[in-house]
Every structure is written in C-alpha cells, then in structure tokens.
Amino acid sequence: MAEETENENNLMPAHDRIVQINIEDQMKAAYIDYSMSVIVSRALPDARDGLKPVHRRVLYGMLDLGVTSGKSYKKSARIVGDVLGKYHPHGDSSVYDAMVRLAQNWSMRYPLVDGQGNYGSLDGDPPAAMRYTEARLRKIAEEMLADINKDTVDFQLNFDDSLEEPTVLPTRIPTLLVNGASGIAVGMATNMAPHNLTEVIEGTIAYIENREIEVAELMQFVKGPDFPTGGLIYGHHGVREALETGRGRIVMRAKAEIETTKSGREIIIVTEIPYQINKADMIKRTVDLINEKKIEGISEIRDESTRDVRIVYEIKRDSNANVVLNNLYKHTSLQTSFSVNNIALVKGRPMLMNLKDMIHEFVEHRHEVVIRRTKYELAEAEKRAHILEGYLIALDHLDEVIKLIRSSDTPEDARVGLMERFGLSDIQARAILDMTLRRLTGLERDKIKEEYAELMKTIEYLKSVLADEGLRMQIIKDELAEIKEKYGDERRSVIVHSAEDMTMEDFVDDEEVVITISNNSYVKRTPLSEYKRQGRGGKGAIGTNTRDEDFTEHIITATAHNYMLLFTESGRCFWLRAFEIPEGSRTSRGRALQNIINIPKEEKIKAYILVKNLKDQDYLENNFIIMCTKKGTIKKTSLEAYSRPRANGINAININEGDQLIEASLTNGTSEIVMALRSGRAIRFNESTVRPMGRTATGVRGITLASEKDEVVGMISVDNSEATVLVVSEKGYGKRTDIDDYRVTNRGGKGVKTINVTDKTGELVAIKGVTDQDDLMIINKSGIVIRIGVETLRVMGRATQGVRLITLKDSDAIASITKVAREEEEEDIPNDLEDQDSENTESNDQNNDKTEE
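Fair warning: this is a prediction, and the values are worked out from it, not measured in the lab.

Moving on, we get to the sheet that holds strand E32 (residues 700–701). Taking strand neighbours across the sheet as the criterion, the four strands line up as E29-E26-E27-E32 in an open arrangement whose pairing is antiparallel. Bordering the open sheet on either side are strand E29 (661–667) and E32, each of which pairs with just one other strand. Alignment of strand E26 (residues 624–629) against strand E27 (residues 633–638), held across five bridges, turns out to be antiparallel. Opposite Ile 625, over in E27, you have Thr 637 as the bridge partner.

If you want it as structure tokens, here you go:
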C-alpha cells in the first residue's frame, strides 16, 4: 500500500505535491509572524512620532484630503472612506473609533482632530454615526505633519502598491509623551500617560543642552503625568518610579471640595474625575455601595454636570464629610490608579523606556528630520540658483540671445544654440526659452539679481547647518520654543507631593467615645452619647453585661483618633489606637484585650494615658509620664521614651517583687502630684522633686504607707489651680476638697487625712482631680453605672466623711470612677428611684430623690 502511494506521488506534478512539515514548527512560525505583525503594525506606538499606524494614516489621510484647520469640515464618513481605500484596509469602525478618540478632549491631552457633532461623552455615550459627524485637522496636528513633503521621512507602498504612505511623521511635537498611548499586543502591552506640553518641551531643551542629564534632573522640568480630565495625582513615589524606570503605579484622585449649604448641611462637590473613568458608571456603583451599606453618611447624589464636571454628594447631618469623602476614595472610582508601562517601538523593536529614553528618541528623530529637510532645501535652492545664473547670463547678453532665438527655426534649435553659444546647461536653456517678455524689464532684472543674492546667502546658511551639529540642535530648540509659545498651557493634574498611604484614621470620625476595660481584660468602645447624665444619689443604669464574677474596672473617655498607652500591673507598656478597639453597645460584653494587642493572658491593665500625637518631637520631649506603684514608689520618664510603638510592648518601669503598678499620668514637668492611700491619707508634692529616669528604672519613694496592709489607691497630677480633689470610698461616699487644703510637703512623707474613714464609708478606692465642668461616671462591681455632674458636689473640708454618690446593695461595692466632659445639651428628667438611705450626712438628703438627665 505504501509503495502504491509513493508511485502515485511520483506521477503527480511537482507543484501539486503535499509537503510534510512538523505542525509544531509551523505553529511557532505562524504565531511569531502574527505576533510581530500585531506588535509592529497595530498595537504599539513608534517612539519617534508617538503614533500607531491607524492614527498616522488618519492624520496623513486628512492632510491628503485637504481637511486642514483653515478649511471647512468634511463628513467623517468621507474621511474614513478615504483612509480605508488608500491606506488602512481594515474595518471602518477601527478607523472611525481612532479618529473619534483623537477628537475627544477627555481622552487626549492635546486633541489632534477638530470634531463637529456628537463625539461621545465622559458618561460613556457612544459618538454619532460617521455619516452625521464632521471633522478637520487641528493646528497642532499640522505641526506633526509639517515638512512631510520635504523628504524628511521615508515612505512605503500602501497595501496594494498603488500609493505611498509615510512610515513615520516628521513631528515637531513629542507626541509620545504629551498624549501617551495604550495598546495590547501579543505577549506585551503599553500604557503611557499623557504629560504637559510646556514641561515636556522644557525637559527636551534641557536634554539637548546636556546629554548627560539624569532622569532626576529632568523631573525638575517634567513633574509627572498631566491628565486631560485633571484631578489629583496622589503621591510622588509612583510618578518617580514611572519616569525613572518606565513602569509605575500612579494613584489618581478626583478633585473634591467640602462646602456647607445655607441650611447647614455639608456637601461634597466633585469637579474633576480621574482619567479614563466613566462618570455615569462611577455614580451608579456609588449608589449600589450606599444601598449595600458599604458607604454610609450620604443622603443624595446629583450629577449637575454640563460642559464641566459637577457631582454633588449630600451628607447626612450626623455624618462627617471628611470621613465620607475618604470612604468614597477607598471604595469608588473617585480614587483609582494608572499603571504606567512605557513600551514603544525603537527601530522596529519594542523597548521599555524611561523619561530620558523617550526624549532621546524624539530628539534623534527630530535631528534626522532637520538634516533631511536641510538637504532637500539646499538641493532646491541650488536648482533655483542654477536657473537664476542662466537668467543673469541671458540678461547680460540680451540682444544676442534675442537674435539667436529669432533666427532659430525650432525651439530645439534655439535651445541647442543657447547651450553652445553661452555654455548653458539644458535646464538653463529651457528656462530662458520659457521666460516671459515682462522679465526683460529693468525692474524684473533687478528682482532676479536680488533673488540670486538672497539665494546664495540661503545656500551658504544651509551648508553651514549641515556642517555644524550645534547649529542643528539650536534649530530644534528654537522650533520647540515656538511650539511651546503656541500650544503650551498650565498643568491640569495637581501632584500632591506629601501624600502618604491612607491610614485607618482617615476612615473614622474623631468622635468622643467611652472605652471600658473590665477586670478580666474585656474591652469595647461606645459613643459617649449613649450614656445619660443622672443626679447624685441615683441607683444608676446598667452599664455593661460582663462575664461571671467580672466587672468593669476602667472607664476611659477619649476621641477615636487618640493613642492609648496601656500599662500593665507588671510595668509593661502597650500601644493602641482608640478606633482599633471594637465598637459595642453600652450593654455588650466587649472583646478580650489579648485578641487586639499582644498582651500576655496573666497581665492585667492597671493604667492608661491618652496621647494625641506621637510624632511631634517638641511635644514628646516636653511632656513626661509619672507612674506610681501600690507600695508608694513613684517614677518620672520623658514621653519620648514611649513614642516608638512595638507589637509586643516595652518595659515601662521596673517593679519590685510584691509590688505592682497602679497609676500613670501625663504631665508637663511642672505639675503637682497627689497620692492617696487606702487608709484615707494623701500627700501633695511638686513634680520637680522627682528627677526624670530611664524606662527600666525602679523609681523613688513617693509616700510612706501607714501599715503593711496599707496601699496606694491612686495618684493625680494637678496643673490647674481651679481643680479640686475628689475622693471616693468603696461604699459609695465621696467628697470634693480644695487642692490648697493639702499643703505641699516633701516627697516620701506620710501625708495628711483626706477623708474620714469609717465602717459606713469603707476604705478609700479612688482619687480624681475634677472641676465644675466635669461629669462623673461611677461603676460598681455588679456592672451598674451612674453619671452625675461634679457641680452637684459642694466643696467641703479635708477631714470630713463626704456625701453618698451612689446607692449600693449590701454586697456591692464601687469598682472604678472616671471623669468625663460635660455634654452640651442636658434635659431634666424625673427619676422614679428614691434613695432609701437616711444616713447621709452633710445636708444632702434633698438631692437623693431627684436626678438629672
């Protein structure tokens, strides 16, 4: 069978034989041919003129058709048909879409086509059909085509070899940089950002003057991309990376302003959106996110755009416009990125190019254009000079020339006779024969002589240009300066140089919050507005649901952006931002602190400090942290030592065996310190008597304990002469005393009596510095919380028993107390809980059966 097949093949004509080839080799070869065709002839721009073939053909086709800026518009269909029939044998939509994009001022930084009619919109509306729209070239496009008829660029045959088309345009504009480009080839893609023409030309001139200039120096002229839709470029790192390497990620933001309406409502007005963003889709997506509750605080969105962009976001009354705007930046296309990938064709090969490479390729191309143009102009000038020389010879021998011509039988005889008699060339002889009689007048003869003299100067200049590269470079610079003068404009995109990555605090309103930490280290954050203010002596409200045998130990009032320095009983310090604490309702349990920070389970939070800023060096060096322990030791350390957060915390103070940290306070170096003992005594001394020490030091003696069982219950630092000292006992009694009632003594003494401790009052549990502008929040071990105004407590003597602050059940006791800022609006509400305790002293019975909200 094989022999028969072989015999049959031998009988077939040679051109009909089937050639056996390896399919793998064939696929490789075919795919490489296809991919190279896509890369070179479709998707990637030429580094010299910055255009893809389709754009180049559209511009050249419009020039060929005569649709220049000074002529009337022509139908787009006519232009598209001309380009299709002559140069670009592809679908008509490919040509029309390319032409439309060249006309859109939101797509091109410097549009090259002047379109009349519906050319689409920022909302993604398609342009009208080509039979309805009209177009012509813009003046700036004519600068790209200037001198194309002076042999400045190479031409190639079109698809059917019937016409010639340029392989590149002799552009005077660095189009690759100023308009950018994007395209997807095979195995590679390009995405080049547009830039400002003024900046690019200044950078190009700087490069011509110094070929060794670095990209960093060029960036003093070319600041970064300049998008046609304006907006903000957020951050300089991506810009620098893109210009230096050719690749980079540039973050773009909409230009937005926050205004307040006459009714007091805040609104966000967006006037510029990021490049290549569909406005209608962006608004629709934002509405979807609002409905999905991913963005909150917006009551209405209105698109009030006409020729200019104007999008209005109405903010709800209880929302913060800055927080809403940052959330819009995070979740919507109001902030997006442009991934720069500068790949263009250099001598037919794709290359990744940085800023200097692109400028270099343009200057080299422009240099070649100037050389070729000069050679062409020199050749034309020499041709003309040669003819004028013939004219001058004829005019010098005018009578003889006329006689020779009149005596000749034919023009051919006259031409030959002129050549032989006067030594003229064929071209000169023909030119003389073609002269009109008016050229023989005296005035015309003078004009010929002047023209010849001017021409000789031009030829001399053109030859000097060809001989001197410096002169050619000066011509390039002068032409660039002229382009800058004609078409240069201001930047549209503003680069935010000091931009940093978004932090979590940008998405959180800096509202007042209450942070509660329980005895078992459960923590939560609750808006301060959830707590009602009550009268002294009330029964209180449920403050939190805690685990069995757990109770709230610390109540901290802060703002959401505050830093919290948390100190454990063993003397370690941890950092936590208030907004990092999970939010919970007033009655929720909260979350274990060990799940938020890396605090060991056996560690217990005993003190905290609120700090607004850990980056202000002057603030850090002029403020101090004072810590005291249960055994009466006190220590002072600069805040700067605690300004570098670590995930696992740091040692804040060295604690002796059997002792533990109980309090820490932020001071300015001149405060007065009051320490109180469980036995009811307190000491007051100036902070200056405690010298600053390092983080790992133990400290010095602050107060002497009354007995081995005695211990320090708290410490306050006072730098306000209006402040009064509030002390609270474990059975709900408390009182305010003027700070001056505590005389200043030496550090380390036994102190003076601060409250009269009895069986009824119980031992001292807390000491606070308060003013009439403060409220108190008191919480007991069963979880009941009460909020009262400090002004309801009158200032009384240091050694008195005090008044009842909260009514406790027999087995209950006060767990903690804190002061909070006064609410702006307070309404009196009746309290149906009557105080049943008749043993209150200091004439406060009348306050026990009413409360205030």
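That was the structure; now back to the text.
Consecutive side chains of a regular strand alternate in pointing toward one face of the sheet and then the other. Relative to strand E11 (residues 266–272), strand E10 (residues 255–260) runs antiparallel, the two being bridged by six bridges. Within the sheet, the bridge partner assigned to Glu 259 lies in E11 and is Ile 267. Taken together, E10 and the strand that follows it, E11, pair antiparallel across an intervening segment of five residues, in which Gly 264 is found at a positive phi of about 95°.

UniProt's entry tags Tyr 132 with the feature "active site" (unreviewed entry), counted in the numbering of this structure. Along the chain, Tyr 132 turns up in the loop between strand E2 (113–116) and strand E3 (134–137).

Another aspect to go through is the pattern of salt bridges. Applying the stated criterion across every chain yields a total of 48 salt bridges. For Lys 28, the salt bridge identified is with Glu 24, shortest N-O distance 3.7 Å. Of this pair, Lys 28 and Glu 24 are both found in helix H2 (residues 23–43), four residues apart, which corresponds to roughly one turn of the helix. The partner of Glu 451 in a salt bridge is Arg 384, and the shortest N-O contact between them spans 2.8 Å. One end of the pair, Glu 451, is in helix H17 (residues 442–467); the other, Arg 384, is in helix H13 (residues 355–396), with 67 residues separating them in the sequence. Given a relative accessible area of 30%, Glu 451 falls into the partly exposed group. Note on Arg 384: relative accessible area 28%, which makes it partly exposed. In the salt-bridge network here, residues are joined through shared partners; they are Glu 143, Asp 147, Lys 150, Arg 172, Arg 366, Arg 373, Glu 377, Glu 479, Glu 482 and Lys 486.

Following the criterion strictly, the structure yields five cavities of 30 Å³ or more and no others. Its boundaries defined by the atoms lining it, the largest cavity holds a volume of some 70 Å³. For the lining of the largest cavity, the leading source of residues is helix H10 (residues 237–245), giving three residues. Counted as a void, the second largest cavity has a volume near 50 Å³. Lining the second largest cavity we find Ala 47, Arg 48, Pro 174, Thr 175, Leu 176, Leu 177, Met 358, Ile 359 and Phe 362. Listed by contribution, the elements that provide at least two residues to the lining of the second largest cavity are helix H7 (175–179) and H13. Per-class residue counts for the lining of the second largest cavity are seven nonpolar, one polar and one charged.

Before going further, it helps to examine a nonpolar patch on the surface. The grouping of Ile 32, Met 36 and Val 40 at the surface amounts to a nonpolar patch, some 240 Å² of accessible area in total. Residue position: Ile 32 is located in helix H2.

What follows concerns the packing of H13 against helix H16 (residues 426–433). Helix-helix packing: each pair is described by the crossing angle between the helix axes and the interaxial distance. At a minimum axis separation of 9 Å, H13 and H16 run at an interaxial angle of 60°. With respect to their mutual orientation, H13 and H16 come out oblique. Crossing angle aside, the handedness with which H13 passes H16 is right-handed. Across from His 386, Ile 387, Glu 389, Gly 390, Tyr 391 and Ala 394 in H13, the residues of H16 making contact are Ile 427, Gln 428, Ala 431 and Ile 432.

With that out of the way, let us pick up the side chain of Arg 253. For Arg 253, the location among the structural elements is in strand E9 (residues 247–253). For Arg 253, a relative accessible area of 7% puts it in the buried group.

Another point: the packing of aromatic side chains. If you walk through the whole model with that rule in mind, you get seven aromatic pairs. Between Tyr 31 and Tyr 34 the ring centres are 6.0 Å apart and the planes differ by 50°, which places this aromatic pair in the tilted class. Of the two residues, Tyr 31 and Tyr 34 are both situated in helix H2; the distance of three residues between them amounts to about one turn of the helix. Assessed through its relative accessible area of 42%, Tyr 34 is described here as partly exposed. Between Tyr 60 and Phe 155 the ring centres are 6.0 Å apart and the planes differ by 70°, which places this aromatic pair in the edge-to-face class. You can see Tyr 60 sitting in helix H3 (residues 53–65) and its partner Phe 155 sitting in strand E4 (residues 155–157), a full 95 residues away along the chain. Judged by relative accessible area, which is 12%, Tyr 60 ranks as buried. A residue is classified by how much of its surface remains accessible, and Phe 155, at 29% relative accessible area, is partly exposed. Within the aromatic cluster, the residues linked to one another by ring pairs are Tyr 60, Tyr 87 and Phe 155. Here Arg 253 stacks its cationic end above the ring of Tyr 329, 3.9 Å away from the centre of that ring. A cation over a ring is seen here: Arg 577 above Tyr 563, with NZ or CZ 4.0 Å from the ring centre.

Attention shifts here to the pairing of strand E39 (residues 784–789). With respect to burial, E39 is a largely interior element, six of its six residues being buried. Taken together, the five bridges between strand E38 (residues 774–780) and E39 define a ladder with antiparallel strand orientation. Paired with Asp 775 across the two strands is Gly 789, which belongs to E39. Where E38 folds back onto E39 in an antiparallel hairpin, the turn is made up of three residues, including Gly 783, whose phi is positive at roughly 95°.

What counts as what
- Residues numbered from 1 in each chain as written.
- Predicted model: local features only at pLDDT ≥ 70, side-chain atom pairs only at ≥ 80, totals over all residues.
- Heavy atoms only, no water.
- Pairing = 2+ DSSP bridges.
- Helix = DSSP H or I, 4+ residues; strand = E, 2+ residues; numbered from the N terminus.
- UniProt positions renumbered as here; feature names shortened; annotations may be inferred.
- Salt bridge = Lys/Arg side-chain N within 4 Å of Asp/Glu carboxyl O.
- Buried < 20%, exposed > 50% of the residue type's maximum accessible area, 1.4 Å probe, protein only.
- 1 Å grid on protein atoms, 1.4 Å probe; cavity = no way out; pocket = protein on both sides within 12 Å on 5 of 7 lines; lining within 4 Å.
- Points joined across faces, edges and corners; volume = space filled by probe spheres on them.
- Nonpolar A, V, L, I, M, F, W, Y, C, P; charged D, E, K, R; others polar.
- Patch = residues over 30% accessible without salt bridge, like charges linked within 9 Å, V, L, I, M, F, W, Y side chains within 5 Å.
- Areas by Shrake-Rupley, 256 points an atom, 1.4 Å probe, with all protein chains shown as cover.
- Axes fitted to C-alpha atoms, helices over the stretch in contact; angles between N-to-C directions.
- Parallel < 35°, antiparallel > 145°, perpendicular 65-115°, else oblique.
- Left-handed = near helix turned anticlockwise from the far one by under 90°.
- Contact = heavy atoms within 4.5 Å.
- Phe/Tyr/Trp six-rings, centres within 6.5 Å; stacked < 30°, edge-to-face > 60°.
- Lys NZ or Arg CZ within 6 Å of the ring centre and 35° of its normal.

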